[in-house]
Amino acid sequence: RKEVEQDPGPFNVPEGATVAFNCTYSNSASQSFFWYRQDCRKEPKLLMSVYSSGNEDGRFTAQLNRASQYISLLIRDSKLSDSATYLCVVKINTGGFKTIFGAGTRLFVKA
Amino acid sequence: DAGITQSPRHKVTETGTPVTLRCHQTENHRYMYWYRQDPGHGLRLIHYSYGVKDTDKGEVSDGYSVSRSKTEDFLLTLESATSSQTSVYFCAISEGGGSSYNEQFFGPGTRLTVL
């Protein structure tokens, strides 16, 4: 079983739609959580960190559920420019920190 | 954008040849990382460095070696390239590795094809 699992998609949604992605993690020593965005043939870039109480950045909302070991990303009012692959990232406390990347969920937003 | 460059950006080589990829940063960050990215897999850590001449293995280090003689440069060498090493290679940097919320910044990637 992979340590971080994501639905690969693709998710195809119209502009203006709300879309949600989930990511599950298996290691209970997972300590911090992030969503990165990766455009086609580009490098990953941090979208947002995920805090225990949940957090919002404009149209993006991230939530953490430690009991069920998953994090989610909600995108409201989707724009064409949101089309990308969204990577779930988990840092595990192993004494130091081990960073595990999910394989990503691909989103296509269409006009 | 963080000042990270990778060279070359694209390379085609033959099985059995040595290949060196270079990562250069202008941010003076302590930590540097080499990842590979393949379809169906997340980014997988090859090696990382926590200072000049201080390096350690990641989860997929077999067939790779690294060197860091200066803060700004981190080299990845494929000692004898194989077709399984065809991949996109990303370098990343971070200010620290010990804090759980240290962001990693990525270079633009190197697309390597081994024939």
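Analysis parameters
- Residues numbered from 1 in each chain as written.
- Chains lettered and ligands numbered in written order.
- Predicted model: local features only at pLDDT ≥ 70, side-chain atom pairs only at ≥ 80, totals over all residues.
- Heavy atoms only, no water.
- Contact = heavy atoms within 4.5 Å.
- Buried area = accessible area lost by both parts, 1.4 Å probe.
- Salt bridge = Lys/Arg side-chain N within 4 Å of Asp/Glu carboxyl O.
- Polar contact = N/O pair within 3.5 Å; in protein donor to acceptor, adjacent residues only side chain to side chain.
- Phe/Tyr/Trp six-rings, centres within 6.5 Å; stacked < 30°, edge-to-face > 60°.
- Helix = DSSP H or I, 4+ residues; strand = E, 2+ residues; numbered from the N terminus.
- Buried < 20%, exposed > 50% of the residue type's maximum accessible area, 1.4 Å probe, protein only.

Chemist: Requested: an account of the interface of chain B and chain A, with residues and values cited.
Modeler: Taken together, the 20 residues of chain B in the interface contact 23 residues of chain A. Counting each side, the surface lost to burial between chain B and chain A is near 1,700 Å², with a carbon and sulfur contribution of 51%. Inspection of the region where chain B meets chain A yields zero salt bridges. Between chain B and chain A we count three residue pairs in polar contact (both at pLDDT 80 or more) in total.

Chemist: Kindly report on the packing of aromatic side chains, identifying the contributing residues and their values.
Modeler: Applying the stated criterion to the full structure yields 14 aromatic pairs over all chains. Centroid distance B:Tyr35 to B:Phe106: 5.7 Å. Interplanar angle 45°. Geometry classified as tilted. Here B:Tyr35 is found in strand E4 (residues 31-37), whereas its partner B:Phe106 is found in strand E10 (residues 105-106), with 71 residues between them in sequence. Assessed through its relative accessible area of 6%, B:Phe106 is described here as buried. An aromatic cluster of three or more residues is present, and its members are A:Tyr36, A:Phe101, B:Tyr31, B:Tyr33, B:Tyr35, B:Tyr48, B:Tyr50, B:Phe90 and B:Phe106.

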